[in-house]
Amino acid sequence: MTTTDGTPSVGDWTPQELEENGRLLLSCLRRHFEDLRTLPVTTDRSAQEIRGLIDEPLPTEPEAFGDILDQTWRDVRPHLTLWNHPRFHAYFSNSSSGPAILAEMATAALNVNVMLWDAAPAAAAVESTVLKWLADLLAYPEDGDAVLVDGASLATLYALAAAREQLTGLDVRQHGLAGSPRLRVYASDQTHSSIDKAAITLGIGLDNVIRLPTSGDGMLRPDALDAQIRADVDSGYRPMAVVANIGTTSTGAVDPLEQIAEVCAQHGVWLHADAAYGGFWRIADGVRPHVPDLSAADSLVANPHKVLLCPMEASALFCRHPDALTNTFRLVPEYLTTRHENGSVDFMNYSLQLGRQFRALKLWWIIKSFGVRGIAERLTAAVDLADRLRKAAGNSSHWKVENPDTPFPLVCLRYAPRGLTREQTDALNQRIHQRVNTAGRSYVSHTVVECGYVIRVSIGNIHTLAEDIDVLWRELSAAAAAEEGSAS
Ligand SMILES: Cc1ncc(COP(=O)(O)O)c(C=O)c1O
């Protein structure tokens, strides 16, 4: 960039350059989305090859944005695994929708820090409104504490920190854990590993995360929970929290939240609901009857970045007890002291994070752009596509759906021809999985359930159509046939 007299300037791009370069990017994105269905979902290059494409000496001289963009589109984009691809079905398939893509750009341009009301007044107001809307979508009480964080892992850490703070007679925030009874956290053996990481961080220790066995349906048993808590109390442990799942990672199982809440209430134990995946699926009419009343939980996490057409990172943490989060995390040094007025919110008091992005803007734009009706229609379409895949598997002789009871569009498939041992069938499914991903037309992940290795298909991308599910089904069938052919 140069000044009007032609001398070099140390400032930013001019507003005109920003617009011109922005147009270059937007036209790349336009072509990207126009071509998306024809692009491989992942790369076939090795880690070394990709590092070789990208590693270069530290640039000392400025480069034109057009060249940087060309290099990105030549060397980076083709070697990503494209999560926003209609045939990405691994982990939890999610979406980055148009309004959110533009909101991320506006967020960076405005660059406000939503830590204190005065630091970003209207952004804090948008976050409060969005959290109220999200609570409404989850049918969770709106009058407690709520905050947007980066992901469910940290939301669970914060919820369990609040649970620890609520334990009467301990005041861990002030005194630490020394001399405290050993605290325990309970969950099913299907619960996400973020609970273990939270226990590591909070000084509870992995030995005190009690993972109760589930039978084939992946659900936590309230009676087994009750028995374990009683036994632990008798042995001198202090039960601190139970984590219940609304959509387990492996199979989309839903724990009986209301009965678990009764057990928790009897023992005075905090109930945290991990609805990171399942929470917002209740917006779809067909799913809602299968999601329990979430207000039974003391705290709740649900991830817009898994379900709500929203790119990473956005997770919503709710706590129905007013001040439970703020009493845990509020700590205001002199340099952050600011005025308060009725209606102001200081979001830095709700978690460990001080500097905070204007994360709510993308959610505000998504919800306003699609409306709840538009979101519900899109989520219902994904649920219907999962049924299409289940039906195709049901009509074939050797494929089996191993999680038929989940209400969510998550399908665990196992190819199990007769006459093979469990180990042989596991190995066969691993090879089918590998073949499908290597071909690059569809991308799936796996898990291990009671019967063994299964191919796990998550459906939830805004671009996914019936034709994409048909492509996936053909890929799976062709991979299975090729494996059978090479075995005979
Ligand atoms: C059930 C469940 N809880 C928590 C998490 C952690 O979510 P995040 O990646 O937002 O930290 C996941 C991730 O997939 C999950 O499946």
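Criteria and thresholds
- Residues numbered from 1 in each chain as written.
- Predicted model: local features only at pLDDT ≥ 70, side-chain atom pairs only at ≥ 80, totals over all residues.
- Heavy atoms only, no water.
- UniProt positions renumbered as here; feature names shortened; annotations may be inferred.
- Helix = DSSP H or I, 4+ residues; strand = E, 2+ residues; numbered from the N terminus.
- Rg over C-alpha atoms; globule rule 2.2 N^0.38 Å.
- Buried < 20%, exposed > 50% of the residue type's maximum accessible area, 1.4 Å probe, protein only.
- Contact = heavy atoms within 4.5 Å.
- Areas by Shrake-Rupley, 256 points an atom, 1.4 Å probe, with all protein chains shown as cover.
- Pairing = 2+ DSSP bridges.
- Axes fitted to C-alpha atoms, helices over the stretch in contact; angles between N-to-C directions.
- Expected span 1.5 Å × (residues − 1).
- Arc of directions from axis to C-beta.
- Core = buried A, V, L, I, M, F, W, Y, C linked by side-chain atoms within 4.5 Å.
- Domains from an automatic or database assignment.

Named according to an unreviewed UniProt entry, the chain is Aromatic-L-amino-acid decarboxylase originating from Streptomyces violascens. The UniProt entry for the chain carries this comment under Cofactor (unreviewed entry): "pyridoxal 5'-phosphate". Quoted straight from UniProt, the Sequence similarities (unreviewed entry) entry for the chain says "Belongs to the group II decarboxylase family."

(A) The overall build of the chain, seen in detail. When helices and strands are counted, the chain shows 15 helices and 11 strands. Since a compact globule built from 488 residues should have a radius of gyration of about 23 Å, the 25 Å found for the chain is in line with a globular shape. Taken along its principal axes, the extent of the C-alpha atoms in the chain is 80 × 75 × 45 Å. The buried share of the chain, taken over its 488 residues, is 50%. For the chain, the share of sequence-separated contacts (at least 6 apart) that also reach a separation of at least 24 residues comes to 73%. Summed over its atoms, the accessible surface of the chain is roughly 22,900 Å², and 52% of this surface lies on carbon and sulfur atoms.

(B) The arrangement of the sheet that holds strand β8 (residues 399-401) in detail. Spatially, the four strands line up as an open sheet ordered β8-β9-β11-β10, and their pairing is antiparallel. Strand pairing shows two members of the sheet lacking a second neighbour, β8 and β10 (445-449), which therefore form its edges. The mean inter-strand angle of the sheet, taken between neighbouring strand axes irrespective of direction, is 40 degrees. In the sheet, β10 pairs with strand β11 (residues 452-458) via five bridges, with the strands oriented antiparallel. Along β11, the bridge assignment pairs V449 with G452. Sheet strands touched by helix α13 (residues 360-394): β8, β9 (410-415) and β11. Its angle to β9, the strand with the most contacts, is close to 15 degrees. Where helix α15 (residues 466-487) meets the sheet, its contacts fall on β8, β9 and β11, and the angle it forms with β8 comes to roughly 135 degrees.

(C) Representation of helix α4 (residues 98-110) within the structure. Taking 1.5 Å of rise per residue, 13 residues should cover 18 Å, and α4 covers 19 Å from first to last C-alpha, within 8% of that figure. The set of residues buried in α4 consists of P99, A100, A103, A106 and T107. Taken end-on, α4 shows its buried residues confined to a sector of 115 degrees, consistent with a single buried face. Exposed residues lying more than 90 degrees from the buried face of α4 are A108 and A109.

(D) Structural detail: the nonpolar core. Ranked by size, the top nonpolar core spans 130 residues in total, and within it L134, V242, F318, W399 and I432 carry the most contacts. When residues of this core are assigned to their parent elements, the largest contribution, 15 residues, is made by α13. For this core, the two domains that each supply at least three residues are domain 1 (113-357) and domain 2 (367-487). For F318, the residues in contact, after removing those within four places along its chain, are L131, L134, A135, L138, Y140, D145, A146, D298, S299 and L300.

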